[in-house]
Amino acid sequence: MGKYLLRRILQMIPVVLGTTLLIYALVFALPGDPVAAMFGDKPVNQAVAAQIRSEYNLDKPFFVQYLLFLKNALTLNFGKTFAGQPVISVIGRAFPVTIKLALMAFVFEGIFGILFGIVSGLTKGKWSDQIILIISLLLISVPTFVTGFILQYLFGVKWHLLPATAGASPGFIDLLMPAIVLGSVSMASIIRLTRTEISTNISEDYVRTARAKGMSDFQVTVRHVLRNSLIPVVTYLGADIGGLMGGAMITERIFNIQGVGNTLYQAILRGEGTLVVSIVTIMVMIFVLCSLVVDMLYAVLDPRIRYA
């Protein structure tokens with residue numbers, strides 16, 4: 001197991017470097033001049049513009065800029081925004097909100113996705129299974145922004161059951177509806193994945209052998225069927241952390257949440273490459289750490305990996 005985890009850690013290093021390089025290249029290739037955009041409709045003072053480009057290393061070649069970014073990122077020194085604020089301070093204000101939103105969505109999709117998936121898998125072909133499949137298909141088919149606007153109108157504007165927008169300092173109730181919207185598509189995927197795994201494993205030979213030894217249906221389901229069925233589900237949940245962080249951009253725009261997604265959107269509009277790449281880099285690191293945790297859980301659930 002130790003060698004397995006070491007291999008996974010070494011494999012993550014080029015992933016992080018490659019991702020940051022790709023994002024930096026895409027930001028570098030964006031059309032327009034961010035320095036000229038800072039002046040708005042006013043005439044551009046070339047001396048001031050040259051000083052700003054020198055301060056933010058915008059006058060240097062692409063690879064030089066990227067290497068300087070990596071050098072500063074190792075010490076968590078991401079520089080300053082065009083407004084003069086430290087990038088790490090901007091991220092520090094936005095990330096806790098998005099992490100809270102992503103964790104709420106993660107808990108929602110994990111609990112209800114697995115629960116409904118188990119019910120659907122154990123009652124395959126019955127009316128409960130059909131209803132759950134129809135609901136999951138609808139959630140997968142409808143885009144997140146459509147689901148968000150519908151729930152926002154119904155529960156926030158028409159019925160006044162939940163806040164329509166989250167505001168600057170959102171609490172649990174403020175983030176409840178955005179978390180449901182953010183986790184709905186992943187919940188539907190988990191339902192279908194769990195259902196498929198359970199309906200497949202429940203007809204395997206080892207299940208029939210366990211029943212022949214006198215084990216009850218409950219014991220067979222918990223000790224054998226669920227243990228093997230949840231392995232791909234755990235893998236999906238771990239990989240979905242990054243998806244939740246990225247998908248938060250749409251949800252945060254709908255519900256006016258001042259999190260990472262909203263900050264990233266505004267940074268792209270302003271052409272602040274350093275802020276964009278810094279946010280994406282931290283998101284990649286979170287995704288990598290979550291993937292490592294999933295690998296450890298996977299090794300616990302699957303003995304073939306644990307003793308590899």
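Up top you'll find the structure we're talking about.
On a predicted model such as this, the values are computed, not experimentally measured, just so you know. (Residues numbered from 1 in each chain as written. Predicted model: local features only at pLDDT ≥ 70, side-chain atom pairs only at ≥ 80, totals over all residues. Heavy atoms only, no water.)

S.K.: Sorry, what's going on with a nonpolar patch on the surface here?
M.R.: On the surface, V107, I111, F112, L115, F116 and V119 cluster together to form a nonpolar patch covering roughly 490 Å² of accessible area. Structurally, F116 can be placed in helix 5 (residues 87-122). (Patch = residues over 30% accessible without salt bridge, like charges linked within 9 Å, V, L, I, M, F, W, Y side chains within 5 Å. Areas by Shrake-Rupley, 256 points an atom, 1.4 Å probe, with all protein chains shown as cover. Salt bridge = Lys/Arg side-chain N within 4 Å of Asp/Glu carboxyl O. Helix = DSSP H or I, 4+ residues; strand = E, 2+ residues; numbered from the N terminus.)

S.K.: What exactly am I supposed to notice about the pattern of salt bridges here?
M.R.: When their charged atoms lie close together, side chains carrying opposite charge are able to pair. For the structure shown, the criterion picks out 3 salt bridges. We note a salt bridge from K60 to D59, for which the minimum N-O separation is 3.8 Å. Of the residues examined, D59 reaches a relative accessible area of 46% and is grouped as partly exposed. A salt bridge links D129 to R195, with the shortest nitrogen-to-oxygen separation between them at 2.7 Å. Here the residue D129 occupies a position in helix 6 (residues 127-141), and R195 occupies one in helix 8 (residues 172-201), the gap between them amounting to 66 residues. Both residues of the pair, D129 and R195, belong to the buried class. (Buried < 20%, exposed > 50% of the residue type's maximum accessible area, 1.4 Å probe, protein only.)

S.K.: How should I be thinking about the packing of aromatic side chains in this particular structure?
M.R.: Here the distance between the centres and the angle between the planes together describe a pair of aromatic rings. This model, assessed by the stated rule, comprises 9 aromatic pairs. Both rings, one in Y24 and one in Y66, keep their centres 5.8 Å apart while their planes meet at 70°; by these two values the pair is edge-to-face. Of this pair, Y24 sits in helix 1 (residues 2-28) while Y66 sits in helix 4 (residues 62-73), and the two are 42 residues apart along the sequence. Between the aromatic rings of F108 and F112, the centroid separation amounts to 5.3 Å while the plane-to-plane angle is 50°, which identifies the pairing as tilted. Of this pair, F108 and F112 are both found in helix 5, 4 residues apart, which corresponds to roughly one turn of the helix. (Phe/Tyr/Trp six-rings, centres within 6.5 Å; stacked < 30°, edge-to-face > 60°.)

These figures capture arrangement, not role.
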